Amino acid sequence: PASVTKLMTLYVTLQAVKQGRVTPDTLISVSPVAAAQSPSKMGFRPGTQVTIDNALKMMMVKSANDMAVVLAEGIGGSVDGFADMMNQAAEKLGMTQTHYVNPNGLPADGHVSSARDQAILARAIIREMPEYEYFVHIPAMKFGKRVTRNFNKLIGRYPGADGFKTGFICASGYNLVASATRNGRRLIAVVLGANS
């Protein structure tokens, strides 16, 4: 699934917020493991502290692989511990064709999903977390003087577009989970494995 994996990282993190285990302002540290992730990433040095809120925004807008690991370690104690939480959540939602190995979707054996399962997850975010839904349609973020636009080019361009996430790695092609609302009707579309 490449970086659409981050939708489950968002979901599991926001579940922890809703359960009161952490708050959006909780500080979490960038570990050497997080700092070593492949781009796209923020590139913070190990030891840097970020809030859960900011880590989520950087992960969703810039698709920052390092921030996904920061969140995983902060919520699940380790990447493996968080992957277990992701898989438990997937099972509860009825995502029968999905298995997560990491929080960011970088290539890994056994890290798989389906379009149906990604649509189930997107629907769960809409239904269960309406108060945090803004995370899936932030058009851009400013970091220092640099403005980073959302990789989901539908946001702000396609009438009614109001979410979700893109993903690309060579092994999976271009992936998109998208939603749009018009005339009070909201549709979710998922495309996996496109060649552009």
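Our structure's up above, just so we're on the same page.
All figures in this text were calculated on a predicted structure; none of them were measured in a lab.

**Regarding the overall build of the protein chain**
- In terms of regular secondary structure, the protein chain is built from six helices and seven strands.
- Ordered by position from the N terminus, the helices and strands of the protein chain form the series α-β-α-β-α-α-α-α-β-β-β-β-β.
- Taken against the 2.2 N^0.38 rule, which gives 16 Å for 196 residues, the C-alpha radius of gyration of the protein chain at 15 Å falls within 12% of a compact globule.
- With respect to the three principal axes, the spread of C-alpha positions in the protein chain is 45 × 40 × 35 Å.
- Relative to its 196 residues, the protein chain shows a buried fraction of 52%.
- The contacts of the protein chain with a sequence gap of at least 6 include a subset with a gap of at least 24, amounting to 55%.
- In the structure as shown, the protein chain presents an accessible area of about 9,400 Å², 53% of it carried by carbon and sulfur atoms.

**Let's talk about the pairing of strand 6 (residues 173-182)**
- The sheet contact formed by strand 5 (residues 161-169) and strand 6 spans eight bridges and is antiparallel. Considered in strand 6, the bridge of Ala161 is made with Ala180.
- Connecting strand 5 to the antiparallel partner strand 6 that follows it, the hairpin turn spans three residues.
- Across eight bridges, strand 6 lies against strand 7 (residues 185-194) in antiparallel orientation. Looking at the pairing, Arg182 lines up with Arg185 of strand 7.
- Between the antiparallel neighbours strand 6 and strand 7 lie two residues, among them Asn183 with a positive phi of about 50 degrees.

**Looking at the sheet that holds strand 5**
- Spatial ordering of the open sheet is given by 5-6-7, a layout of three strands whose pairing is antiparallel. Edge strands, defined here as strands with exactly one partner in the open sheet, are strand 5 and strand 7. Taken over all neighbouring pairs, the strand axes of this sheet differ in orientation by 5 degrees on average, direction set aside.

**Some points on the packing of helix 1 (residues 6-18) against helix 5 (residues 79-93)**
- For the pair helix 1 and helix 5, interaxial distance at closest approach is 10 Å and the crossing angle is 95 degrees. The pairing of helix 1 with helix 5 is recorded here as roughly perpendicular in orientation. Residues Met8, Thr9, Tyr11, Val12, Thr13 and Gln15 of helix 1 touch helix 5, and the partners they reach there are Phe82, Met85, Met86, Ala89, Ala90 and Leu93.
- Its residues assigned to classes, the contact of helix 1 with helix 5 shows nine nonpolar, three polar and no charged.

**Quick word on the nonpolar core**
- By size, the foremost hydrophobic cluster in this structure holds 55 residues, and its most contacted members are Met8, Leu10 and Met67.
- Of all the elements, helix 1 adds the most residues to this core, at eight residues.
- Ignoring sequence-local partners within four residues, the contact set of Leu10 consists of Leu56, Met59, Met60, Ile125, Phe135 and Val136.

**Quick notes on unusual backbone geometry**
- In this structure, the amide linkage connecting Pro39 to the following residue, Ser40, adopts the cis form with an omega of 10 degrees.
- In this fold, Ser40 is placed in the loop between helix 2 (32-35) and strand 2 (49-51).
- We note that Ser63 has phi near 60 degrees; this positive angle belongs to a residue other than glycine.
- Its place among the elements puts Ser63 in the loop between helix 3 (52-62) and helix 4 (65-76).
- The phi angle at Asn183 is positive, at roughly 50 degrees, despite the residue not being glycine.
- Tracing the sequence through the fold places Asn183 in the loop between strand 6 and strand 7.
- Look at Asn183 and you get exposed, because its relative accessible area is 84%.

Rules behind the numbers
- Residues numbered from 1 in each chain as written.
- Predicted model: local features only at pLDDT ≥ 70, side-chain atom pairs only at ≥ 80, totals over all residues.
- Heavy atoms only, no water.
- Helix = DSSP H or I, 4+ residues; strand = E, 2+ residues; numbered from the N terminus.
- Rg over C-alpha atoms; globule rule 2.2 N^0.38 Å.
- Buried < 20%, exposed > 50% of the residue type's maximum accessible area, 1.4 Å probe, protein only.
- Contact = heavy atoms within 4.5 Å.
- Areas by Shrake-Rupley, 256 points an atom, 1.4 Å probe, with all protein chains shown as cover.
- Pairing = 2+ DSSP bridges.
- Axes fitted to C-alpha atoms, helices over the stretch in contact; angles between N-to-C directions.
- Parallel < 35°, antiparallel > 145°, perpendicular 65-115°, else oblique.
- Nonpolar A, V, L, I, M, F, W, Y, C, P; charged D, E, K, R; others polar.
- Core = buried A, V, L, I, M, F, W, Y, C linked by side-chain atoms within 4.5 Å.

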